[in-house]
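# Close look at the chain arrangement
The lines below spell out each chain.
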Amino acid sequence: QIIDLVTTHLARPGYVACSQFFVREAKRALRIPEHRIHLIYNSYDDKKLDCESDARLKIRRELNIGENAPVFLNLGRIDPQKAQDDIIKAMAEVIRDIPDAQLLIAGTGLESRTNELKERIQQLCVQRCVRILGLRRDVGALLGASDVFVFPSVFEGFGIALAEAMAARLPPVVSTAGAFPELVKDGVNGFLVSPKSPTQLADRMITLGKDPALRAA
């Protein structure tokens with residue numbers, strides 16, 4: 001950070017921020033004047049969201065998931081920053097209220113981190129309802145097969161996966177970290193929860209999981 005601070009003031013570059021959160025961070029951490037900061041939100045490739053009309057049925061058959069079972073989806077790198085362990089903890093509470101609920105975690109990361117998550121799944125006895133899918137190219141189909149997007153990161157500059165999920169009309173449950181509150185208005189187009197709060201996360205997941213009308217609103 002010291003090197004960034006020095007080079008920023010020597011070079012006096014323009015700074016492109018992908019969210020208001022990063023605008024604030026550039027002003028605070030790098031002391032960049034606001035007039036040198038340009039806000040350009042990240043975009044996503046909408047072709048990634050393309051899928052066949054029967055993708056929901058096909059994915060659920062592939063994974064042996066009932067047609068009406070609520071499916072929660074997390075897309076992204078397997079990493080402590082993404083807090084997948086909190087979603088797994090939350091699922092242990094969710095299935096008490098929604099026994100047929102399923103959680104799909106799609107993404108890759110360090111093998112050691114993936115193994116930690118698998119161990120946590122075993123410890124919490126949620127093997128029946130939590131799947132770590134690894135790398136998937138069929139993002140659009142996974143979104144189409146799911147009902148709720150869950151993304152409780154502890155830090156996030158923007159969250160392209162969240163933008164993709166919202167474009168696919170999946171209601172999100174996300175943390176208040178980083179730029180998420182710029183995209184999600186609590187109780188309006190999704191739910192916000194405190195970072196590292198599995199119980200609060202579970203409560204919002206249950207609310208959406210039990211109410212198809214609310215998910216479609």
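Above this text sits the structure in question.
Residues numbered from 1 in each chain as written. Predicted model: local features only at pLDDT ≥ 70, side-chain atom pairs only at ≥ 80, totals over all residues. Heavy atoms only, no water.

Another point: unusual backbone geometry. Even without a glycine there, the phi angle at arginine 31 is positive, about 60 degrees. Relative to the helices and strands, arginine 31 resides in the loop between helix H2 (20–29) and strand S2 (37–39). Owing to a relative accessible area of 57%, arginine 31 belongs among the exposed residues under this scheme. Even without being a glycine, asparagine 64 presents a positive backbone phi close to 60 degrees. Here asparagine 64 is to be found in the loop between helix H3 (55–62) and strand S3 (71–75). A residue is classified by how much of its surface remains accessible, and asparagine 64, at 69% relative accessible area, is exposed. (Helix = DSSP H or I, 4+ residues; strand = E, 2+ residues; numbered from the N terminus. Buried < 20%, exposed > 50% of the residue type's maximum accessible area, 1.4 Å probe, protein only.)

Looking at the element boundaries, aspartate 147 is found in the loop between helix H6 (139–145) and strand S6 (148–151). Note on aspartate 147: relative accessible area 10%, which makes it buried. Polar contacts involving the side chain of aspartate 147 include one to the side chain of arginine 56, which spans 2.9 Å. Polar contacts involving the side chain of aspartate 147 include one to the side chain of arginine 60, which spans 2.9 Å. (Polar contact = N/O pair within 3.5 Å; in protein donor to acceptor, adjacent residues only side chain to side chain.)

Pairing between side chains of opposite charge can happen when their charged atoms approach one another. Counted under the stated rule, the structure contains 16 salt bridges. Where aspartate 86 meets lysine 196, a salt bridge forms, and the shortest distance between an N and an O atom there is 3.2 Å. Highlighted residues: aspartate 86 in helix H4 (residues 84–97) and lysine 196 in the loop between strand S8 (191–193) and helix H9 (198–209), separated in sequence by 110 residues. Using a relative accessible area of 2% as the deciding quantity, one classes aspartate 86 as buried. (Salt bridge = Lys/Arg side-chain N within 4 Å of Asp/Glu carboxyl O.)

All buried positions along H3 are accounted for by Ala55, Ile59 and Arg60. Looking straight down H3, one finds its buried side chains confined to an arc of 125 degrees; they lie on one side. Looking at the packing, one finds that the buried side of H3 touches S3 and H6. (Arc of directions from axis to C-beta. Contact = heavy atoms within 4.5 Å.)

Here we come to the sheet that holds S6. Pairing is parallel across the open sheet formed by 6 strands, whose spatial order is S5-S4-S3-S6-S7-S8. What marks the edges here is a single partner per strand, and that holds for strand S5 (130–134) and S8. Taken pair by pair, the neighbouring strands of this sheet meet at an average axis angle of 25 degrees, ignoring direction. Looking at chain direction, strand S7 (residues 172–175) and S8 are connected through 3 bridges and run parallel. Each residue of the ladder has a partner; that of serine 175, found in S8, is valine 193. On top of the sheet, H4 reaches S3, strand S4 (102–106), S5 and S6; it is set at about 170 degrees to S4, its chief contact. (Pairing = 2+ DSSP bridges. Axes fitted to C-alpha atoms, helices over the stretch in contact; angles between N-to-C directions.)

Another point: the packing of aromatic side chains. If you walk through the whole model with that rule in mind, you get 6 aromatic pairs. Ring centres of phenylalanine 21 and phenylalanine 155 lie 5.8 Å apart, and the angle between their planes is 65 degrees; on these two criteria the pair is classed as edge-to-face. Of this pair, phenylalanine 21 sits in helix H2 while phenylalanine 155 is found in the loop between S6 and helix H7 (160–167), placing the two residues 134 residues apart along the sequence. Note on tyrosine 41 and phenylalanine 158: the rings are 6.0 Å apart at their centroids and 50 degrees apart in plane angle, and the pair reads as tilted. Of this pair, tyrosine 41 sits in the loop between S2 and H3 while phenylalanine 158 sits in the loop between S6 and H7, placing them 117 residues apart in sequence. Overall, the relative accessible area of 39% leaves tyrosine 41 in the partly exposed class. Members of the aromatic cluster, connected to one another through ring pairs, are Phe21, Phe22 and Phe155. Over the aromatic face of phenylalanine 191 sits the side chain of arginine 204, whose NZ or CZ is 4.4 Å from the ring centroid. (Phe/Tyr/Trp six-rings, centres within 6.5 Å; stacked < 30°, edge-to-face > 60°. Lys NZ or Arg CZ within 6 Å of the ring centre and 35° of its normal.)

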